[in-house]
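Coordinate inspection notes
Now for the letters of each chain:
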Amino acid sequence: MTANTIAINQQMDKFDGHHSVWLFGYGSLIYKADFPYLQRRAASIDGWTRRFWQGSHDHRGTPEAPGRVVTLIEEAGAICHGMAYLITPDVFAHLDHREKNGYLRLAIPMTFDDGDSVDGLAYIATPDNTAFLGAASEQEIAAHIARATGPSGPNSDYLNHLAHALRELGRHDRHVFEIERHLAALQSK
Ligand code: SIN
C-alpha cells in the first residue's frame, strides 16, 4: 500500500451523516490535540497493543532515514489505553493529512473509563504500508529513536511526550517505558 493514505481515508464512509464521531488516539494524538474537539475522555480499546513499529517519513524522520512511531497491533487479551476525542467530520481533513504516512481510519469500539462504550475510529498503520518497519527489540528501537529526527522534531521528543502523557493518564505501558529507559541510558553516556 502507498505510504500516502489521504485518498483512501477520504473514501471511508462508515460515519457519513453523523454530526460527530469519537476518535481514539494512542500515540501523538494523546499529547498533541492540534484540532478542535467537542469532548475529550480517557478511553481504551480491547485486543490491541501499542508498538513502535511504524516508520515516520514526514514527522519524526525522513524517507531516507525514517523515525519510529507507534501503531496498533492485534493481540488477544491486550488493552491499549489512550485518549478519545469527540470531533465533527470536518476535522478529518486535517487528521488525514497529519496521519497520511501509512495510517488508515479503522472503525473500532472503545470503552471510556466509566465503563460506557461507543463505536468510533482510530488511525492504524498496518504491516502492508510501505513505511512499516515491524518488530525490533526495545533496545534497538531506542537506538533508532536516538538518531532519528524529522520536520516535527527529534524522534526522542515523540517518545518522551508519549511516556509523559501515559503517566499523566495513570497508565503503564511496558513497551513504551522500556524504550524510554533504554533511550535515557543511551543519552546519559
Ligand atoms: C495516534 O496517535 O492515535 C496515531 C499515531 C500518531 O499519530 O502518533
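Preceding block: the structure.
The following refers to the structure shown. None of the values given here were measured: they were computed from a predicted structure. (Residues numbered from 1 in each chain as written. Predicted model: local features only at pLDDT ≥ 70, side-chain atom pairs only at ≥ 80, totals over all residues. Heavy atoms only, no water.)

**Focus: helix α6 (residues 174–187)**
Taking 1.5 Å per residue as the helical rise, α6 with its 14 residues ought to reach 20 Å, and the 20 Å between its terminal C-alpha atoms agrees with that figure. When we look at burial in α6, the residues that qualify are His175, Val176, Phe177, Ile179, Glu180, His182 and Leu183. The N-cap residue of α6 is Asp173: its side-chain oxygen and the backbone nitrogen of His175 are 3.2 Å apart. (Helix = DSSP H or I, 4+ residues; strand = E, 2+ residues; numbered from the N terminus. Expected span 1.5 Å × (residues − 1). Buried < 20%, exposed > 50% of the residue type's maximum accessible area, 1.4 Å probe, protein only. Polar contact = N/O pair within 3.5 Å; in protein donor to acceptor, adjacent residues only side chain to side chain.)

**Some thoughts on the site of the ligand**
As a matter of local geometry, the ligand sits amid Gly25, Tyr26, Gly27, Ser28, Leu29, Val70, Glu99, Tyr103 and Tyr158. Separating an oxygen atom of the ligand from a backbone N or O atom of Gly27 is a distance of 2.8 Å. Here Glu99 contributes a side-chain N or O atom positioned 2.9 Å from an oxygen atom of the ligand. In the complex, 97% of the free accessible area of the ligand, which totals 250 Å², lies under the protein chains. Each residue belonging to the shell around the ligand can be placed in one class, and the counts come to five nonpolar, three polar and one charged. (Near = heavy atom within 4 Å. Areas by Shrake-Rupley, 256 points an atom, 1.4 Å probe, with all protein chains shown as cover. Nonpolar A, V, L, I, M, F, W, Y, C, P; charged D, E, K, R; others polar.)

**A short note on the sheet that holds strand β4 (residues 103–112)**
Here we have five strands rolled up into a closed barrel, ordered β1-β3-β2-β4-β5, and mixed in their pairing. When strand polarity is set aside, the average angle formed by the axes of neighbouring strands in this sheet is 45°. Where strand β2 (residues 39–56) lies against β4, two bridges are found, and the strand directions are antiparallel. Along β4, the bridge assignment pairs Ser44 with Thr111. In the packing of helix α4 (residues 138–147) onto the sheet, the strands contacted are β2 and β3 (67–87), and the crossing angle to β3 comes to about 45°. (Pairing = 2+ DSSP bridges. Axes fitted to C-alpha atoms, helices over the stretch in contact; angles between N-to-C directions. Contact = heavy atoms within 4.5 Å.)

**Regarding the environment of Phe92**
Residue position: Phe92 is located in helix α3 (residues 92–98). Once the C-alpha coordinates of Phe92 and Glu75 are considered, the two residues, 17 residues apart in sequence, prove to be 27 Å apart. For Phe92, the residues in contact, after removing those within four places along its chain, are Val21, Ile87, Arg105, Leu121 and Tyr123.

**Let's talk about the pairing of β2**
Here β2 pairs with β3 via 15 bridges, running antiparallel. The partner of Gly55 across the bridge, within β3, is Arg68.

**Some points on the packing of aromatic side chains**
Inspection of the entire model under this criterion finds seven aromatic pairs. On the basis of an interplanar angle of 80° and a centroid distance of 5.1 Å, the ring pair of Phe35 and Tyr85 is categorised as edge-to-face. Pair noted here: Phe35 is in the loop between α2 (28–31) and β2 and Tyr85 is in strand β3, with a separation of 50 residues, a long-range link. The pair Phe35 / Tyr85 is uniform in exposure class, with both members buried. Between Phe52 and Tyr158, the ring centres sit 5.8 Å apart and the planes meet at 80°, which makes this aromatic pair edge-to-face. Of the two residues, Phe52 is situated in strand β2 and Tyr158 in helix α5 (residues 155–169); the sequence distance between them amounts to 106 residues. (Phe/Tyr/Trp six-rings, centres within 6.5 Å; stacked < 30°, edge-to-face > 60°.)

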